[in-house]
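Remarks on the overall topology
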Amino acid sequence: MGRRKKTDEKTAKPIRGPGRKAKKQGAPTFPKELLPTASTEKKKISSRGRQRARKRLEKEELKQTNKKNPKLVTRTKKRQSDGESNEDEEEEQQQINGFTDENQQWLKPKKKKVLFDDDQNGEEVMDEDVPFDDEFNDVESTTDEDEDEDETDEPKLDIEKKSKKIREKQKQAKERSEQELLTNIQQQEKVQFPSGQEITKDAPQADLQLIMHRIREVINVLNDFKTKREPNRSRKEYLDLLQQDLCNYYSYNDFLMNKLLDLFPLAEIIDFLEANEVQRPVTIRTNTLKTRRRDLAQALINRGVNVDPLDKWTKVGLVIYNSQVPIGATPEYLSGHYMLQGASSFLPVMALAPQPNERILDMCAAPGGKASYIGALMRNSGILVANDANKDRARAIIANTHRLGLTNTIVTNLDGRQFSEHMGGFDRCLVDAPCSGTGVISKDPAVKSSKDEKDIQRCFTAQRQILLNAIDAVNESSATGGYIVYSTCSILVEENEAVIQYALNNRPVKLVETGLEFGVEGFTNFKGTQFHPFMKYCRRYYPHLHNLDGFFVAKLKKYSTKQGNKKEAESTIQKKDKNQEDNSNASIADD
């Protein structure tokens with residue numbers, strides 16, 4: 001359709017012009033009424049704009065007349081004070097100006113200029129002193145404030161008036177409440193000690209906002225005690241009040257709060273307590289035996305998991321912000337590509353630094369997070385013994401070792417306090433001792449009120465026995481090792497530095513650097529108790545400083561096999577027991 005027929009040159013008819021389909025449509029034509037005309041006219045201004053322009057001109061005219069005739073201003077003021085009418089003023093002003101007109105305030109007998117050109121409608125003609133262009137620009141650049149002023153001149157409806165009154169009342173009430181709050185705070189310049197009944201109130205019934213305000217005021221006074229204290233109050237009274245308020249506000253018992261106040265300065269105690277109220281971020285560890293961190297992150301992102309690398313100090317950690325799927329049930333988790341593990345649990349294994357083809361012992365291994373990390377660093381070579389005293393928890397070690405693909409692991413169920421009697425000759429040993437859990441309060445809030453002095457004593461007694469057996473199980477003559485790493489998820493000195501000092505006194509070991517890049521140094525002096533100077537090699541981690549669970553890491557190296565220290569320690573313990581028995585018998589005899 002539409003193509004020309006191809007024929008021979010002899011029989012073809014001459015082509016007279018373009019074909020029917022080749023014809024182009026001409027340019028469209030419009031009537032003259034619809035065609036745009038090049039208008040050189042100025043833009044029309046609405047009646048509202050003209051009203052605003054008139055008002056401006058009136059104001060300027062009044063200013064100019066007042067400048068030219070200052071006597072007129074004084075006369076009008078006197079007559080207004082005498083009570084004369086405004087009509088006399090208008091007549092006198094008309095005589096001075098030399099003309100009479102209703103628009104006398106903005107018209108003068110000068111050259112006439114067209115302010116608003118409109119040939120079709122022939123609108124108003126105005127006289128002015130100010131040049132035309134400036135006024136026109138002012139009219140065009142009117143702001144919303146001018147429009148609001150004009151709108152206020154118009155009459156309002158009743159509902160608008162009522163709503164305006166309601167808004168004003170609300171604004172006044174808000175200002176009064178803020179003023180009352182400020183006055184109440186200013187009145188309480190000094191700390192008001194509560195009565196006995198108020199102190200014994202439970203935290204939910206008490207005013208928590210008032211308690212927090214009093215806590216901050218007491219800390220402020222204690223920081224500058226000489227100048228801000230009350231003359232009849234001692235420092236102990238302020239500390240007791242602070243401890244009681246902190247217990248009521250954060251739901252701690254007196255024993256644990258007393259320990260925390262001894263451990264942290266006043267400037268950090270609130271930050272630490274607030275950090276314990278917030279959960280730590282969810283972290284996972286990549287199993288390098290089966291995948292790489294980059295591939296694992298990409299696979300999880302494809303499943304709708306928002307992940308990022310954990311930090312510069314680890315190459316296998318990932319932090320999870322949110323997820324559309326359960327992290328513990330993904331195909332990657334079930335196939336052993338990663339392990340759900342807290343970031344602070346990476347640190348003891350990094351300090352241990354296991355090497356391939358070594359014999360390594362994990363004394364308290366359940367549920368197997370640290371043991372699997374050790375096996376991954378050993379690349380499934382050598383021998384890894386994962387021990388736990390709890391048989392049910394040891395089953396979790398078996399499940400995780402199978403899932404993560406560890407083939408060099410032996411799982412045992414022995415008491416760590418007598419482990420050296422069964423096995424020995426290890427190159428390295430990790431002791432993640434059971435503790436009070438004061439560093440993981442965000443995971444277990446029951447620690448706040450459930451721990452007392454007997455629990456702490458029971459913990460550090462078991463920790464000392466386990467650590468000494470771990471030292472006995474290590475081979476000091478190992479070519480590559482002879483190291484013991486001790487860690488707890490507690491921040492109390494009794495479970496950390498005191499246990500390390502006990503091991504230094506009773507076994508041939510010394511403290512060495514952990515190799516960790518960050519962390520707070522251990523205490524060399526605490527409340528008058530002197531520890532070994534090398535205790536500074538230990539590392540402490542706090543939730544408010546590092547955004548990790550509270551943790552302690554220390555690294556020891558065994559340098560001898562002599563058992564003199566062990567025998568001396570046992571003999572000194574027996575002597576102390578005998579002395580205590582003798583003293584008790586003597587006291588009974590005296591009675």
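Preceding this paragraph is the structure being described.
The notes below deal with the structure included here. Please read all numbers here as calculations on a predicted model, not as lab measurements.

Rules used throughout
- Every chain begins its residue count from 1, and numbering advances along the sequence as written.
- Local features in this predicted model are restricted to residues whose pLDDT is 70 or higher, and side-chain atom pairs enter the listing and the counts only when it is 80 or higher, whereas totals over whole chains, interfaces and linings include all residues.
- Excluding hydrogens and water, the side-chain figures rest on all heavy atoms present in the structure.
- The patch calculation keeps residues exceeding 30% relative accessible area without a salt bridge and links them within 9 Å when they carry like charges or within 5 Å when they are nonpolar (Val, Leu, Ile, Met, Phe, Trp, Tyr).
- Areas reported here follow the Shrake-Rupley algorithm with a probe of radius 1.4 Å; residue values treat only the protein chains shown as occluding.
- Within this document, salt bridges are pairs made up of a side-chain nitrogen of Lys or Arg and a carboxyl oxygen of Asp or Glu, the two lying within 4 Å of each other.
- Secondary structure elements follow DSSP: runs of H or I of four or more residues count as helices, runs of E of two or more count as strands, with numbering from the N terminus.
- Contact definition: two residues touch when any of their heavy atoms are within 4.5 Å.
- The rule for pairing is simple: two strands pair if DSSP sees at least two bridges between them.
- Axis definition: a line fit to C-alpha positions, over the contact stretch in the case of helices; interaxial angles, taken between N-to-C directions, run 0 to 180 degrees.
- Our angle categories are set so that under 35 degrees counts as roughly parallel, over 145 as roughly antiparallel, 65 to 115 as roughly perpendicular, and the remainder as oblique.
- The crossing is said to be left-handed when, going from far helix to near helix, the turn is anticlockwise and less than a right angle, and right-handed when the turn is clockwise.
- By the convention adopted, Pro, Cys, Tyr, Trp, Phe, Met, Ile, Leu, Val and Ala count as nonpolar, Lys, Arg, Asp and Glu as charged, and the other residues, Gly among them, as polar.
- In this charge count, Lys and Arg are treated as positive and Asp and Glu as negative; neither His nor the chain ends contribute.
- Working definition for charges: the position is that of NZ of Lys, CZ of Arg, CG of Asp or CD of Glu.
- Three labels apply to residues, based on accessible area from a 1.4 Å probe with only protein chains included: buried if under 20% of the type maximum, exposed if over 50%, partly exposed otherwise in between.

**Points about a nonpolar patch on the surface**
On the surface, F30, L34 and L35 cluster together into a nonpolar patch covering about 340 Å² of accessible area. Locating F30 in the fold gives a position in the segment before α1 (47-68).

**A word on the environment of M350**
Residue position: M350 is located in helix α15 (residues 346-352). Between the alpha carbons of M350 and I374 there is a distance of 8.9 Å; along the sequence they are 24 residues apart. With residues up to four places along the chain from it excluded, the contact list for M350 reads W313, Y373 and L516.

**Observations regarding the sheet that holds strand β3 (residues 317-323)**
Reading across from one edge, β2-β3-β1-β4 is the order of the four strands in this open sheet, with antiparallel pairing throughout. Because the sheet does not close on itself, it has two edges, and the strands there are β2 (305-309) and β4 (338-340). Each strand axis lies, on average, 35° off the axis of its neighbour in the sheet, ignoring direction. Bridge count between strand β1 (residues 282-286) and β3: four bridges; the pairing is antiparallel. Bridge pairing in β3 places R285 opposite G317.

**Digging into the packing of helix α10 (residues 235-250) against helix α12 (residues 266-276)**
The interhelical angle for the contact between α10 and α12, taken along N-to-C directions, is 15°, at an axis separation of 12 Å. It follows from the interaxial angle that α10 and α12 lie roughly parallel. Pair α10 / α12 crosses with right-handed handedness. Facing α10, whose interface residues are L242, L246, Y249 and Y250, α12 presents L266, I269, I270, L273 and E274. Along the lines of polarity and charge, the residues of the contact of α10 with α12 split into eight nonpolar, no polar and one charged.

**Things to note about the packing of helix α11 (residues 254-263) against α12**
Contact pair α11 / α12: the axes reach a minimum separation of 9 Å and the direction vectors enclose 130°. Judged by the inter-axis angle, α11 sits oblique to α12. Viewed along their axes, α11 and α12 form a crossing whose handedness is right-handed. Residue-level contacts link M257, L260 and L261 of α11 to I269, F272 and L273 of α12. Looking at the contact of α11 with α12, its residues break down into six nonpolar, no polar and no charged.

**Overview of a positive patch on the surface**
On the surface, K161, K162, K165 and K169 cluster together into a positively charged patch. Assignment of secondary structure puts K169 in helix α6 (residues 158-187).

**Looking at helix α16 (residues 369-377)**
The buried fraction of α16 is high, at eight of nine residues. For α16, the full list of buried residues reads G369, K370, A371, S372, Y373, I374, G375 and A376. Where α16 terminates, the next one or two residues include R379, which has phi positive at roughly 60°.

The values reported here are purely geometric and, on their own, carry no functional implication.
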